[in-house]
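The lines below spell out each chain.
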Amino acid sequence: MPAGTAAGTTAQAVTLTARLDAARPYALSAFRVVVGLLFACHGAASLFGVLGGAAGVGGTIAAGTWPGWYAAAIQLVGGVLVLLGVGTRSAALISSGSMAYAYFDVHQSTALWPIQNGGEASAMFAWAFLLIVFTGPGALSVDRLFRRTR
C-alpha cells in the first residue's frame, strides 16, 4: 500500500462524515414529512374511506367508536401536524403514545412478536414518532419558521 493512501482515505471519510452531519437537519425533516404523511393517510383512510378505507377493506370507522375512531382522528391530525412541522414534538408524543397503546392493547394480546400479531406498523410508528420527539422537526418546518421570525 503506497504511503499516504491511508491518510487520504481517512481524510475522505472525515469529509464524508462532515457532509452527512451537515445534512442531518434536512434528513430529519424528510423523515418527519414521510412519517407524518403515512400516518395521516392511515387516519384519512379510516375516517373518510379513501385510499382503500378502514383496514384496507373499504368503508369507514363509525364516528365516536372507541378506540378506533379516536385513533384515526389522532392519526389524521397528528400526521398532518408532524408533516407540516407544527407543534411537532407534542404531536409526535401523542402520536407515539397512541401507537404504543394500539400495539399493546390490540396486537400484543394476539402474539408476542409484531410479525406474528400484525403490529409492525404500530410498533414502527410508535418508535418513529418517539425519535421525532427527541430529534425535533429538522431544518424545514413551520416550527422553525416561527422561531426565526421572533
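Anything mentioned here points back to the structure above.
Here we summarise the structure given alongside this text. Treat the numbers as computed from the prediction; the structure is a model and nothing was measured.

Here the focus is the packing of helix H2 (residues 68-84) against helix H3 (residues 88-107). Close contact between H2 and H3 brings their axes to 9 Å; oriented N to C, the two are set at 145°. Crossing of H2 over H3 shows left-handed handedness. Contacts between H2 and H3 involve Ile 74, Gln 75, Gly 78, Leu 81 and Val 82 from the former and Thr 88, Ala 91, Ala 92, Ile 94, Ser 95, Ser 98 and Met 99 from the latter. Classifying every residue of the contact of H2 with H3 gives seven nonpolar, five polar and no charged.

The subject of this paragraph is the side chain of His 107. For His 107, the location among the structural elements is in helix H3. Among the residues examined, His 107 registers a relative accessible area of 16% and is labelled buried. Within the local environment of His 107, its side chain forms a polar contact with the backbone oxygen of Gly 118, the two atoms lying 3.5 Å apart. Once you skip the residues sitting within four places of it in the chain, His 107 turns out to touch Ala 102, Asn 117, Gly 118, Gly 119 and Ser 122.

Another aspect to go through is the packing of aromatic side chains. Under the criterion given, the structure shown has seven aromatic pairs. Measuring from centroid to centroid gives 5.2 Å for Tyr 103 and Phe 104, while their planes differ by 80°, and the two rings are edge-to-face. Ring centres of Phe 125 and Phe 129 lie 6.0 Å apart, and the angle between their planes is 20°; this geometry places the pair in the stacked category. Taken together, the residues Phe 125 and Phe 129, both in helix H5 (residues 120-135) and four residues apart, mark about one turn of the helix. Cluster of aromatic residues (ring-pair linked, three or more members): Trp 66, Trp 69, Tyr 70 and Tyr 101.

Quick notes on the rules
- Residues numbered from 1 in each chain as written.
- Predicted model: local features only at pLDDT ≥ 70, side-chain atom pairs only at ≥ 80, totals over all residues.
- Heavy atoms only, no water.
- Axes fitted to C-alpha atoms, helices over the stretch in contact; angles between N-to-C directions.
- Helix = DSSP H or I, 4+ residues; strand = E, 2+ residues; numbered from the N terminus.
- Left-handed = near helix turned anticlockwise from the far one by under 90°.
- Contact = heavy atoms within 4.5 Å.
- Nonpolar A, V, L, I, M, F, W, Y, C, P; charged D, E, K, R; others polar.
- Buried < 20%, exposed > 50% of the residue type's maximum accessible area, 1.4 Å probe, protein only.
- Polar contact = N/O pair within 3.5 Å; in protein donor to acceptor, adjacent residues only side chain to side chain.
- Phe/Tyr/Trp six-rings, centres within 6.5 Å; stacked < 30°, edge-to-face > 60°.

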